[in-house]
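The chain contents come next:
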Amino acid sequence: MIYLSIRALEIIAIILVAILFLLAISIHYVPKDSFWLITKRNQKKVINTGFHFIVPFITKITNKVSSLTQTRELYLSQIQTADSLLDFKIDYSYEVIDPIQYSEEINLDKEITKSLTEFVITMDIKSLLCDNNSVSDRIYLHINNIANKVGLHITKITIYFE
């Protein structure tokens, strides 16, 4: 029969606790409707819903992204048109289509504001009233082109003004 000293039992217990700790921090669950971006040796990879074993200290979770459509509202006041100042409310929705590119986020509010400002400054109120759908469509195309470059897709944009 083998007898272990108390010191040896303490060392074995410490090793077992360390192994259990490493195992506990290695198992991750990616929730439904999301995906995570991980980096391992400077290579990016996307992991989807479910349980995953991620080696600590070697693999790093760099971004957690929702795959659901996100909806935002943007309020702009006193935007110059060709003949007056107007207040705008913009509702838009977007979804992440490429999580690797999405890790380089863009400020969509800023881009929409810039696009709207550059476009409506050339139009008078009568043109805006008669051609509101065209304004939304033109801004949608411009913003969606920018968004696609960073892994996003604009699903809807609606512009209201007063």
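An account of the accompanying structure is given in this report. (Residues numbered from 1 in each chain as written. Predicted model: local features only at pLDDT ≥ 70, side-chain atom pairs only at ≥ 80, totals over all residues. Heavy atoms only, no water.)

1. A word on the overall build of the protein
Looking only at helices and strands, the protein features 5 helices and 8 strands. In sequence order, the protein lays out its α and β elements as α-β-β-β-β-β-β-β-α-α-α-α-β. Computed over C-alpha atoms, the radius of gyration of the protein comes to 26 Å, more than 25% over the 15 Å expected from 2.2 N^0.38 for 162 residues, which places it beyond the range of a compact globule. Viewed in the frame of its principal axes, the protein has a C-alpha envelope of about 100 × 25 × 25 Å. When each of the 162 residues of the protein is scored for burial, the buried share is 33%. Put simply, 60% of the contacts in the protein that link residues at least 6 apart link residues at least 24 apart. Carbon and sulfur atoms make up 58% of the accessible area of the protein, which totals about 10,700 Å². The average position of the 16 basic charges and that of the 17 acidic charges among the side chains of the protein differ by 13 Å. (Helix = DSSP H or I, 4+ residues; strand = E, 2+ residues; numbered from the N terminus. Rg over C-alpha atoms; globule rule 2.2 N^0.38 Å. Buried < 20%, exposed > 50% of the residue type's maximum accessible area, 1.4 Å probe, protein only. Contact = heavy atoms within 4.5 Å. Areas by Shrake-Rupley, 256 points an atom, 1.4 Å probe, with all protein chains shown as cover. Lys, Arg positive; Asp, Glu negative; His and termini not counted. Charge placed at Lys NZ, Arg CZ, Asp CG, Glu CD.)

2. Notes on the sheet that holds strand S6 (residues 70-80)
Overall, antiparallel pairing links the 3 strands, which are arranged S6-S7-S8 in an open sheet. Across the chains shown, the open sheet's two edge strands, defined by having one partner strand only, are S6 and strand S8 (152-161). Direction aside, neighbouring strands of the sheet carry axes that sit 20° apart on average. In terms of strand pairing, S6 meets strand S7 (residues 85-96) through 9 bridges, oriented antiparallel. The residue bridging glutamine 70 from the neighbouring strand is tyrosine 94, located in S7. Against the sheet, helix H3 (residues 108-120) engages S6, S7 and S8, with an angle of about 40° to S6. (Pairing = 2+ DSSP bridges. Axes fitted to C-alpha atoms, helices over the stretch in contact; angles between N-to-C directions.)

3. Examining unusual backbone geometry
Of note in the backbone geometry, asparagine 42 takes a positive phi value of approximately 65° without being a glycine. Residue placement: asparagine 42 occurs in the loop between strand S2 (34-40) and strand S3 (43-47). The class for asparagine 42 is exposed, based on a relative accessible area of 76%.

4. A look at the pattern of salt bridges
All chains considered together, the criterion is met by 4 salt bridges. Of the charged contacts in the structure, one is a salt bridge between arginine 7 and glutamate 10, with a shortest N-O distance of 3.4 Å. You can see arginine 7 and its partner glutamate 10 sitting in helix H1 (residues 6-26), 3 residues apart, about one turn around the helix. Note on arginine 7: relative accessible area 58%, which makes it exposed. For glutamate 10, a relative accessible area of 40% puts it in the partly exposed group. In this structure, aspartate 91 engages lysine 89 in a salt bridge whose closest nitrogen and oxygen atoms are separated by 3.5 Å. Here the salt bridges do not stand alone but share partners, grouping Glu73, Lys89 and Asp91 into one network. (Salt bridge = Lys/Arg side-chain N within 4 Å of Asp/Glu carboxyl O.)

5. Some remarks on the nonpolar core
Core analysis: the largest hydrophobic core is formed by 28 residues, its most contacted members being Phe88, Ile90, Leu108, Leu116, Val120, Val135 and Leu152. Elements that contribute at least two residues to this core include exactly S6, S7, H3, helix H5 (132-149) and S8. When residues of this core are assigned to their parent elements, the largest contribution, 6 residues, is made by S7. Ranked by size, the runner-up nonpolar core spans 5 residues in total, among them Val30, Trp36, Ile38 and Ile47. (Core = buried A, V, L, I, M, F, W, Y, C linked by side-chain atoms within 4.5 Å.)

6. A closer look at the environment of proline 56
Secondary-structure assignment places proline 56 in the loop between strand S4 (50-53) and strand S5 (59-66). The spacing of proline 56 and isoleucine 27 is 29 residues in sequence and 9.5 Å in space, taken between C-alpha atoms. Proline 56 has contacts with Leu22, Ile25 and Ser26, leaving out every residue within four places of it along the chain.

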